[in-house]
Each structure stands twice: as structure tokens, then as C-alpha cells.
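What follows is each chain in one-letter form.
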Amino acid sequence: MSAPYLAERLQGFGTTVFAEMSALAVATGSINLGQGFPDTPGPAEVLDVARSAIGTAHDQYPPGPGTPELRAAIAAHVARFRGLAYDPDTEVLVTAGATEALTAAMLALVEPGDEVVVFEPVYDSYAAAVAMAGGVLRPVPLTPPPADTDGAVWTFDPADLRAAVTPRARLLLLNTPHNPTGKVFRREELDAVAEVVLTAGLLLVTDEVYEHLVFAGAEHVSPATLPGLRERTLVVGSGGKTFSTTGWKVGWTCGPAPLVAAVRTAKQFLTYVNAGPFQPAIAAGLVLPDAYFTGIAADLQRRRDVLVGGLREAGLPTISPEATYFATVDVRGIADDDGLAFCRELPHRAGVVAVPAGVFWTAEHADLGRHLVRFAFCKRDEVLTEAVHRLTRMGP
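Below: a short report on this structure.

Cut-offs used in this document
Residues numbered from 1 in each chain as written. Predicted model: local features only at pLDDT ≥ 70, side-chain atom pairs only at ≥ 80, totals over all residues. Heavy atoms only, no water. Helix = DSSP H or I, 4+ residues; strand = E, 2+ residues; numbered from the N terminus. Buried < 20%, exposed > 50% of the residue type's maximum accessible area, 1.4 Å probe, protein only. Polar contact = N/O pair within 3.5 Å; in protein donor to acceptor, adjacent residues only side chain to side chain. Contact = heavy atoms within 4.5 Å. Axes fitted to C-alpha atoms, helices over the stretch in contact; angles between N-to-C directions. Parallel < 35°, antiparallel > 145°, perpendicular 65-115°, else oblique. Nonpolar A, V, L, I, M, F, W, Y, C, P; charged D, E, K, R; others polar. Phe/Tyr/Trp six-rings, centres within 6.5 Å; stacked < 30°, edge-to-face > 60°. Salt bridge = Lys/Arg side-chain N within 4 Å of Asp/Glu carboxyl O.

## Observations regarding the side chain of His212
As for its position among the elements, His212 is in the loop between strand 6 (203-207) and strand 7 (233-238). Note on His212: relative accessible area 7%, which makes it buried. A polar atom in the side chain of His212 sits 2.8 Å from the side chain of His77. His212 has contacts with His77, Phe81, Arg82, Thr242, Phe293, Ile296 and Ala297, leaving out every residue within four places of it along the chain.

## A look at the packing of helix 10 (residues 290-313) against helix 13 (residues 381-392)
Where helix 10 meets helix 13, the closest approach of the two axes is 8 Å, and the angle between their N-to-C directions is 10°. It follows that helix 10 is roughly parallel to helix 13 by the angle criterion. Of helix 13, the residues touching helix 10 (which contributes Arg302, Arg303, Val306, Leu307, Gly310, Leu311 and Glu313) are Asp381, Leu384, Val388, Leu391 and Thr392. Each residue belonging to the contact of helix 10 with helix 13 can be placed in one class, and the counts come to 6 nonpolar, 2 polar and 4 charged.

## A closer look at the packing of aromatic side chains
Applying the stated criterion across every chain yields a total of 15 aromatic pairs. Measuring from centroid to centroid gives 6.1 Å for Phe156 and Phe185, while their planes differ by 40°, and the two rings are tilted. In this pair, Phe156 is assigned in the loop between strand 4 (136-141) and helix 6 (158-164) and Phe185 in the loop between strand 5 (169-175) and helix 7 (187-200), connecting sequence segments 29 residues apart. Side by side, Phe156 and Phe185 carry an identical accessibility label, which is buried. Consider the rings of Trp248 and Phe278, whose centres lie 4.2 Å apart with planes at 5°: the pair is stacked. Placement of Trp248 in the loop between strand 7 and strand 8 (250-254) and of Phe278 in helix 9 (residues 278-286) is noted, with a sequence separation of 30 residues between them. The class of Phe278 is partly exposed, set by a relative accessible area of 23%.

## Side note on the pattern of salt bridges
For the structure shown, the criterion picks out 24 salt bridges. The salt bridge involving Glu211 is made with Arg82; its shortest N-O contact spans 2.9 Å. Of the two residues, Glu211 sits in the loop between strand 6 and strand 7 while Arg82 sits in helix 3 (residues 68-82), which places them 129 residues apart along the sequence. For Asp299, the salt bridge is made with Arg303, and the minimal N-O distance between the two is 2.8 Å. On the criterion of helical spacing, the pair formed by Asp299 and Arg303 is a turn pair, its members being 4 residues apart in helix 10. A relative accessible area of 13% means that Arg303 is categorised as buried. A cluster of three or more residues bridged by salt bridges with shared partners is formed by Asp299, Arg302, Arg303 and Asp381.

Written out as C-alpha cells, the structure is:
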């Protein structure tokens, strides 16, 4: 049934399953491992700057592209960790989270009917952003590894990637580290992406918000560092995941000046500006010592291991991620191969809430993710311990 008044291009983008699952958590008193946000505060060095900025001139409109100190900190941070040089005045734009950066990029760069190539499963805001721009999504499926096989990773067939690029293709939208799978694209995979982008003359937008939440054995490579790609790539980042401040919505995009100027044109008519007191705080976070960034990854990896171990002990076959906040469970043979049904029953069976991963696949490939469920492990130790306890006591 179509939604009244809603434009045709947004039909199907109704209330998300995240809202349903969160409401179910409240109604049943369950532990919510569905939504991916931390439940601990960020570093004091960041929070104290925000507190000090409130009640000052930072409460008013910051400059449209972002404060000079934050843009300079972003440029220095990217140079420090990725070896890429960006001019903070013309090649860095501060946005209302990574979501606005991605949406503004689609609105600025995609004409109605243009095709946008993505890897699937795909974070839900991508499809909506492409639809708002009048674009068409061209998904390339990622194949999950066997569950409970340590070291196995999600893969894709380069032939599928090449086949997804038609004469109408305008842009490739890449997420690495990848949500919801936790995959980190390897250099040889990025080489295949680069070949397609350069051969077809595509633009590349790469969402790297989980860049610092990568676990042992994997390494994040920014696609913009590959030969020939910097000149046609927008790199999207965010302080939310790195500093446990997801509600502040401070994101950014870096790229060649003409691409950033195009995105700025769209962005200025969305939020205009945002997060005045939080911009100096994120700037302070970006210059923290290396030990902070390695420490948050190591701590999150420990939490991953707690949850993955508990899920497996509970008899739930689990794909352990290489990065991000999320582990994936294969419910085939447990819930009629239906992840949504499993998630609706789980609060009553175990007092834990997860999210059916099938929502991250397009309708044409829905069967590929129907049997998968996503659990978040970016929670306090006591929360994860109790969730594991409940899951391992779960009845059939």
C-alpha cells in the first residue's frame, strides 16, 4: 500500500525496522543490541571542549563550510592517517553527520535517471539518498562466508561489479569498513573497484566513518589513495563513531575542490550549518595521540569477542566482523530462515533485541539476506555480559 501524499520516489521508505525493534525492546524490557550506538561517553578531552564552548560565540552559526579550526584538523587528520593532502579552505566541508554528506553528494552529483553502483547489503540511508536525487540503485551483492569460520570474509565477484556498470552509471558509492557486514575491503578488491571507476569514468564516493574501528588482521585502505582516484573521489568521515558522539552529528567530506564545491551547493540548502559548540570539540579529538585510536579499536575488538563467543555458545552461527559495531547471525534452521520473525520472537525468548539484516538488501535481492540478523556489540561490558547470559539460557 502506498503512503498518502508521499512522493513516488520515496514510496517504500516508511518507518524503519529499527524503530519497530527499539519499541519492542522498551515494551519487553529487553537489552537492545539492534541500533549501533555506544552507551558510554566519549573521551574527556573532547567532551570538555564542547562544555566549554557552550555559552560562547560557538552557540551561533558557524561558517558555512565549517569552522576553520575543524577543517584544518580534518585535513591534518587525513594526512596523518591516510597520507592524503587536502586544502582545508577548498577541499574540506563539514556536514551534519556523514548522512548529510552522502545525501548532499547524491543531490549535487546525480541527475534523474543516473545510476549509482553500490555493494549490497547497503546501509539504509544510501537508497533513500539516491532516490531523493532521482537516481537508480545498481547493487552488487556481497557473499557471506560460512558462519563460525574465523578469518573468513565477505567477498564479491568482480564480474558482478563490471556488469552493474551500464552507460547510465554516474557514480560508485562504497562503504569501507562496511556496515552492516563488518567487512574491510582489501587492496586487491579496491584495485578492482578502481579499474571499474576509471574505465567507466565514474565518480567515487567512499564512506569511511568506521576507519578507526578496525580489528587485528585487517587494514583500512582509503580508496582515494589508489592511483588515479583522488581526483574523482569524495571521502566521507565522521566524529560520531570515533569519539562515541553519534548524536552530535559532525561529519565531513574531503575531495577535489570542484567536487566539494558541488556538494557544498546542495548542503547549504539542507541544514546550512550545525553543531556549533561541537565543532571545536571534534577538532580537539582529531588531534589526540595515536594511542587513543589504537585503544578504541582494541577495546571494541574485545567486546566483539565477548558477543560473538556468547552467540556461538547459544547455538547461533555467527560471522565475526573485521571492523565496525556489528556481528551477523545466520538463522537458517533456527527460525524458518526468516530473520525478521526471529527478531520479533527473540525479545520474548531471551530478552534481547537484534535487527533483521534483510532490510539492507534491495527488493530484487531480498532472499540473499532474509536469513541474517545483525547484533551490535558497542555496549558496556555489563550489558554484553547480561545479553550473553540471556542468550545462552534461551530455550529452543
